[in-house]
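# Chains, contacts and geometry: an overview
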Amino acid sequence: MMEDVIQRALDTALKGGATYADIRIVEITTENIVTRNAKVRNLVVGKSRGMGIRVLYKGAWGFSSNYEVTPTEAERVAKEALKIAKASAMVKKKDVKLAPVKPVKDSYKTPYQKDPFKVPIEEKIKLLIESDKEAMAVGKEIRVASSTMQARRENKIFASSEGAYIIQEITWCGASQTAVAIGYGDMQDRSFDGRNYNTGGYEIIEAINLPERARESAVEAIKLLQAKNCPSMITDVIIGGSQLALQIHESCGHPTELDRALGAEAAYAGTSFLTPDKLGKFRYGSDIVNLVADATVPGGLGTFGYDDEGVPAQRVYLIKNGIFVNYLSDRTSAGELGLESTGAARASGWNRIPIVRMTNINLEPGDWDFEELVRETKHGIYMETNRSWSIDDKRLNFQFGTQIAYIIENGEMKELVKNAVYTGITYEFWRSCDAICNKKYWKMYGTPNCGKGQPGQMMYVGHGTAPARFKNIRVFGGVRT
């Protein structure tokens, strides 16, 4: 059946004059459970299946999709995509030039030990409720305790008129928890690692020990109520792994997306300060800053065998010894600059066209033990877990607030402070990085909700990092709204 669908789609497109065509047949299974104060607040189990067909006609793209996957419908959808491409060709400003790729026939599957979709929902709900109760038992100040668990599986077939035929199965899951404390005229929240999402199975969730983490979060949320507001200062900042993962996402991942640099996102999410004239010569960070796009690393939410254009997963430097050396790209954007695709074409589902998306954008580890890094910081602040963020449309000027922070004095973590915010300019910030913790502290974090594109696409990406220190950063105490 699938072979007939694929052949009908590709033959129809080519007979209609397309110079290239591909088809993705995708089935997505999702599960999302949310509890609040030990009661189920949200329970969604979903399944979506359909096909998307993309064609290239006289240098212009056309795309169409449908949930019905039959040979007859494949022919109709291919004709519709061709019709759209012909209309686009009439108003195009330049021809699409696809970067070359060797077509392959292959299969790929992310490994897991325990299938998350075979674990009874009742067992999952019980764990989340237990997590809420542990947080609520810490003190009367805890007014809201909420726990979340997600799982997703994507089965897809990709085939192209160039001869590619690839079958993939991607499974990921994770859980998180938040405690909100109210008292002493204030409200503070503390979360356990909202980025604890990885490819793999239910063993990821079991390893978290969510109830214990919930209790720890609740204790810290209550302590924050009476903590002093973060003082205003210019100081050295040590940023914890979870917060640094977001910093990488916003100020490293998005600006290195080539479609943004070429103007494709200008109407929605903005452009990028990393314009093509800077490629290979712009100093983005200090000599110790090395950022890689790695779709091959185990456990990453951006890990796969092939992207949605059939380009193999790769590990490529974006920033090498502080210098901007490469983009995240698909075949279209790479072809425009005469580059090879870095395998970053991804679509959130069968009814969306692939666009440039992050894979796993990782900061390579350094040489420092965390304790040594704190000890060698005479005056500074340690900041962890995001609470707020803002960055401009060129990904230059940013401001991030964290849930928790500690003042460092004479090499020791001292006073707990709240409402801590740091701000800077992307390349000045990364040029100030003078120390990165070693492999022992390096962890793969997940972002399951990265938005981009029109119509919008929600994508899941990963960020591997360890705590790092940045010199002379502006820090101040924000006001909770």
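Structural data are supplied above this passage.
The following paragraphs examine the structure supplied in this document. Not measured: the values here are computed from a predicted model.

With that out of the way, let us pick up the overall build of the protein. Counting secondary structure elements, the protein contains ten helices and 24 strands. Summarising its shape, the C-alpha atoms of the protein cover approximately 70 × 55 × 35 Å along the three principal directions. Here the protein, with 481 residues, has 59% of them falling under the buried criterion. Nonlocal contacts in the protein, meaning residues at least 24 apart in sequence, comprise 75% of its contacts between residues at least 6 apart. With the model as given, the accessible surface of the protein reaches about 19,700 Å², and the carbon-plus-sulfur share is 50%. With 63 positive and 58 negative side-chain charges, the protein shows a separation of 3 Å between the mean positions of the two kinds.

A few words on the nonpolar core. Y284, I381, Y422, W430 and F470 are the most contacted members of the largest nonpolar core, which totals 53 residues. Discounting residues that sit within four places of it in the chain, I381 has contacts with C230, M233, T235, D236, V237, I238, A405, Y406, I407, I408, V417 and V475. I6, A21, V77 and A89 belong to the second-largest nonpolar core, a separate cluster that totals 26 residues.

Moving on, we come to empty space enclosed by the protein. Scanning all chains against the criterion turns up three cavities of 30 Å³ or more. Roughly 90 Å³ of volume is contained in the largest cavity. If you trace the largest cavity, you find 13 residues lining it, with E154, K156, F304, R346 and Y460 closest to the centre. Mapped by element, the contributors of at least two residues to the lining of the largest cavity are β5 (142-160) and β23 (457-465). When grouped by side-chain class, the residues that make up the lining of the largest cavity number seven nonpolar, one polar and five charged.

A separate point is the sheet that holds strand β12 (residues 315-320). The sheet built from four strands is open, its strands ordered β13-β12-β11-β16 with antiparallel pairing. The open sheet has two edge strands with one neighbour each: β13 (323-324) and β16 (361-363). Packing against the sheet, helix α6 (residues 241-253) makes contact with β11 (291-294) and β16, and its axis sits at approximately 120° to β16.

With that settled, the discussion passes to the packing of aromatic side chains. For the structure shown, the criterion picks out 18 aromatic pairs. Taken together, a centroid distance of 6.1 Å and an interplanar angle of 70° make the contact between F398 and Y422 edge-to-face. Of this pair, F398 sits in strand β18 (residues 397-409) while Y422 sits in strand β20 (residues 420-425); the two residues are 24 residues apart in sequence, bridging distant segments of the chain. What makes Y422 buried here is its relative accessible area of 0%. Grouped by ring-pair contacts, the aromatic residues Y284, F398, F400, Y422, F429, W430 and F470 constitute a single cluster. One Lys or Arg, K278, reaches over the ring of F282 and ends 5.8 Å from the middle of that ring. The cationic tip of R315 hangs over the ring face of Y317; the distance from NZ or CZ to the ring centre is 5.6 Å.

As a further point, take the layout of surface pockets. A volume near 970 Å³ is recorded for the largest pocket. Around the largest pocket, the lining comprises 34 residues; the ones closest to its centre are W61, V96, D259, A264 and T332. Taken together, the elements giving at least two residues each to the lining of the largest pocket come down to β3 (60-66), α2 (71-91), α8 (331-337) and β15 (355-356). Partitioning the lining of the largest pocket into residue classes produces 13 nonpolar, ten polar and eleven charged.

Across the ten residues of strand β22 (residues 443-452), seven count as buried, placing the element largely inside the fold. Of the strand pairs in this sheet, β22 and β23 are connected by eight bridges, and their pairing is antiparallel. The partner of K452 across the bridge, within β23, is Q457.

This structure, assessed with the given rule, holds zero disulfides. Sulfur of C252: no disulfide; nearest cysteine sulfur belongs to C433 and is 10 Å away. Take C252: its relative accessible area is 1%, and that puts it in the buried class. There is no disulfide at C450, and the cysteine sulfur nearest it, in C252, is 13 Å away.

Let us now look at the environment of M1. Position of M1 relative to the elements: it lies in the segment before α1 (2-15). With 388 residues separating them in the primary sequence, M1 and W389 have C-alpha atoms 48 Å apart. Ignoring anything within four residues of it in the chain, the contact list for M1 reads V69, T70 and P71.

This structure, assessed with the given rule, holds 34 salt bridges. For R49, the salt bridge is made with E27, and the minimal N-O distance between the two is 3.9 Å. One end of the pair, R49, is in strand β2 (residues 39-57); the other, E27, is in strand β1 (residues 20-36), with 22 residues separating them in the sequence. Take R49: its relative accessible area is 36%, and that puts it in the partly exposed class. Under the relative-accessibility criterion, E27 is labelled partly exposed at 25%. The salt bridge involving R153 is made with E169; its shortest N-O contact spans 3.8 Å. Taken together, the residues span a long stretch of sequence, with R153 in strand β5 and E169 in strand β6 (residues 165-183) at a distance of 16 residues. By sharing partners, the salt bridges in this structure join K109, D115, R153 and E169 into a single network.

Parameters and conventions
Each chain carries its own residue numbering, running from 1 in the written order of its sequence. Side-chain atom pairs in this predicted model are given and counted only at pLDDT of 80 or more, local residue features only at pLDDT of at least 70, and totals for whole chains, interfaces and linings cover all residues. As a convention, hydrogens and water are excluded, and side-chain values are obtained from all of the structure's heavy atoms. By the criteria applied, helices consist of DSSP H or I runs no shorter than four residues and strands consist of E runs no shorter than two, each listed in order from the N terminus. The cut-offs for exposure are 20% and 50% of the maximum accessible area for each residue type, with area from a 1.4 Å probe on protein chains only; residues under the lower value are buried, those over the upper are exposed, and the others partly exposed. By definition in these notes, contact holds between two residues if any of their heavy atoms fall within 4.5 Å. Residue-level accessible areas treat just the shown protein chains as cover; the underlying method is Shrake-Rupley with a 1.4 Å probe. His is not counted, nor are the chain ends; Lys and Arg add positive charge and Asp and Glu add negative charge. Taken as the charge location is NZ of Lys, CZ of Arg, CG of Asp or CD of Glu. To define a nonpolar core, start from buried Ala, Val, Leu, Ile, Met, Phe, Trp, Tyr and Cys residues and group those joined through side-chain atoms within 4.5 Å. Think of a 1 Å grid over just the protein atoms. A cavity is a set of points where a 1.4 Å probe fits yet cannot get out, a pocket is an open set with protein on both sides within 12 Å along at least five of seven lines, and lining residues have an atom within 4 Å of a point. Grid points are joined across faces, edges and corners, and a volume is the space filled by probe spheres set on the points. Three residue categories are used. Nonpolar comprises Ala, Val, Leu, Ile, Met, Phe, Trp, Tyr, Cys and Pro, charged comprises Asp, Glu, Lys and Arg, and polar comprises the others, including Gly. The rule for pairing is simple: two strands pair if DSSP sees at least two bridges between them. Axes here mean lines fitted to C-alpha atoms, for a helix over just the part in contact, with angles spanning 0 to 180 degrees between N-to-C directions. Pairs were defined over the aromatic rings of Phe, Tyr and Trp, the Trp ring being its six-membered one, requiring ring centres within 6.5 Å. Orientation was assigned from the angle between planes: stacked under 30 degrees, edge-to-face over 60, tilted for the rest. A positively charged side chain is recorded as over a ring if its NZ (Lys) or CZ (Arg) lies within 6 Å of the ring centre. The angle to the ring normal must also be within 35 degrees. The disulfide definition used here is simple: a pair of cysteine sulfur atoms within 2.5 Å. In what follows, salt bridge is the name for a side-chain nitrogen of Lys or Arg lying within 4 Å of a carboxyl oxygen of Asp or Glu.

So far we have only geometry, and geometry alone does not tell us how the molecule works.
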